[in-house]
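Below, each chain spelled out in residue letters.
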Amino acid sequence: MTEPFSVPVTVRGYETDVLGHLNQAVYLNYAEHARWSLLHAAGMTQATLLARGVGPAALSTTLHFKRELVAGDEIEVTCAFEWGGGKTFHIEQTIRKADGTVAAEVTAVVGLMDLKQRRLVPNPREFFKELSTDPALFGL
C-alpha cells in the first residue's frame, strides 16, 4: 500500500484558543486544506469541477481529538480516499505531529453533487478517474 497524500502545516498563534490549544474548528480547516491540496495535485481544480457541473459535498464529518496542538507545532495532514460502490465515499485523514504523535483523526462521508440537479452523482469514482490527471492519488 502506498503512503497517503499529505501536506505540511505549521500551527499559527492566531489559530489557538485561550488555553493555548489549536481551536477545534481549525482542525477541520486543516482537513479541508489537505483534501483540496490532493484534488489540485491530481489535476482537479475547482474550475475543472465547475466546468463539469459537479462539486464535492460533505455529508458528515467525525473528528477525534487525540493530543493537543499548540502554536509553532509542525504537523502533517494526510488524506486517503476509500471507495464504496454507491454515491458516497469516505475520506480518512490523520493530523500528526512531527514526532509521529497522532493529534487528531478525521473521517468524512462525501459525495459528488450534480450542481444543476442538486443530487449526488451515481458513481463518483468514475468522475474522479475521468477528471484526474493522476487517479492513483485517489486510490484508483
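Residues numbered from 1 in each chain as written. Predicted model: local features only at pLDDT ≥ 70, side-chain atom pairs only at ≥ 80, totals over all residues. Heavy atoms only, no water.

A.B. asks: Sorry, what's going on with the pairing of strand S1 (residues 5-10) here?
C.D. replies: The side chains of a regular strand alternate, residue by residue, between the two faces of the sheet. Only one face of S1 is buried, namely the one carrying Phe 5, Val 7 and Val 9, since none of Ser 6, Pro 8 and Thr 10 on the opposite face is buried. Across six bridges, the pairing between S1 and strand S3 (residues 74-83) is antiparallel. Residue pairing for S3: Val 7 is matched across the bridge by Val 77. (Buried < 20%, exposed > 50% of the residue type's maximum accessible area, 1.4 Å probe, protein only. Helix = DSSP H or I, 4+ residues; strand = E, 2+ residues; numbered from the N terminus. Pairing = 2+ DSSP bridges.)

A.B. asks: I keep staring at helix H1 (residues 24-41) and nothing clicks. Help me out?
C.D. replies: Along an α-helix, a turn takes 3.6 residues, which lines up residues three or four apart on a common side. Between its terminal C-alpha atoms H1 stretches 27 Å, which fits the 26 Å expected from 18 residues at 1.5 Å a residue. Of the positions making up H1, those classed as buried are Val 26, Tyr 27, Tyr 30, Ala 31, Ala 34, Arg 35, Ser 37, Leu 38 and Leu 39. Contacts made by the buried residues of H1 are with S1, strand S2 (54-65), S3, strand S4 (88-97), strand S5 (102-114) and helix H3 (124-131). Near the N-terminus of H1, the side chain that reaches the backbone nitrogen of Ala 25, with its oxygen 2.9 Å away, is that of Asn 23. (Expected span 1.5 Å × (residues − 1). Contact = heavy atoms within 4.5 Å. Polar contact = N/O pair within 3.5 Å; in protein donor to acceptor, adjacent residues only side chain to side chain.)

A.B. asks: How should I be thinking about the nonpolar core in this particular structure?
C.D. replies: Nonpolar side chains tend toward joint burial in soluble globular proteins. Judged by nonpolar contacts, the single largest core of 36 residues is most densely connected at Tyr 30, Phe 81, Ile 95, Phe 128 and Phe 138. At the level of secondary structure, the elements contributing two or more residues to this core comprise S1, H1, S3, S4, S5 and H3. Top contributing element to this core by residue count: H1, with seven residues. (Core = buried A, V, L, I, M, F, W, Y, C linked by side-chain atoms within 4.5 Å.)

A.B. asks: Please explain H3 as it appears in this structure.
C.D. replies: Pro 124, Phe 127, Phe 128 and Leu 131 are the residues of H3 that are buried. Axial view of H3: buried residues confined to an arc of 100 degrees, hence all on one face. Its buried side turned inward, H3 meets H1, helix H2 (46-51), S2, S3, S4 and S5. (Arc of directions from axis to C-beta.)

A.B. asks: Just checking my understanding: could you explain unusual backbone geometry for this structure?
C.D. replies: For residues other than glycine, phi is negative in most cases, and the peptide bonds are mostly trans. Notably, Arg 118 is not glycine yet its phi reads approximately 60 degrees, a positive angle. Looking at the element boundaries, Arg 118 is found in the loop between S5 and strand S6 (119-120). Residue classification places Arg 118 among the exposed residues on the basis of a relative accessible area of 55%.

A.B. asks: So what exactly am I meant to see when it comes to the packing of aromatic side chains here?
C.D. replies: Between two aromatic rings, the relevant description is the distance of the centres plus the angle of the planes. Under the defined criterion, the tally for this structure stands at nine aromatic pairs. Each ring, one from Phe 81 and one from Phe 89, has its centre 5.4 Å from the other, and the planes form 15 degrees; the classification is stacked. The class of Phe 81 is buried, set by a relative accessible area of 10%. Here Trp 83 and Phe 89 contribute two aromatic rings whose centre-to-centre distance is 4.7 Å and whose plane-to-plane angle is 35 degrees, an arrangement assigned as tilted. Its relative accessible area of 17% is what places Trp 83 among the buried residues. (Phe/Tyr/Trp six-rings, centres within 6.5 Å; stacked < 30°, edge-to-face > 60°.)

A.B. asks: Looking at this structure, how should I read the environment of Val 26?
C.D. replies: Take Val 26: it is sitting in helix H1. Residue Val 26 is classed as buried on the basis of its relative accessible area of 10%.

A.B. asks: What am I meant to see in the environment of Ser 6 here?
C.D. replies: When you line up the elements, Ser 6 lands in strand S1. The partly exposed category is assigned to Ser 6, whose relative accessible area is 29%. For the pair Ser 6 and Glu 76, spaced 70 residues apart in sequence, the C-alpha to C-alpha distance is 6.3 Å. Dropping the residues within four chain positions of it, Ser 6 is found in contact with Glu 76, Val 77 and Thr 78.

From the geometry alone we can't say anything about function, so treat these as descriptive.
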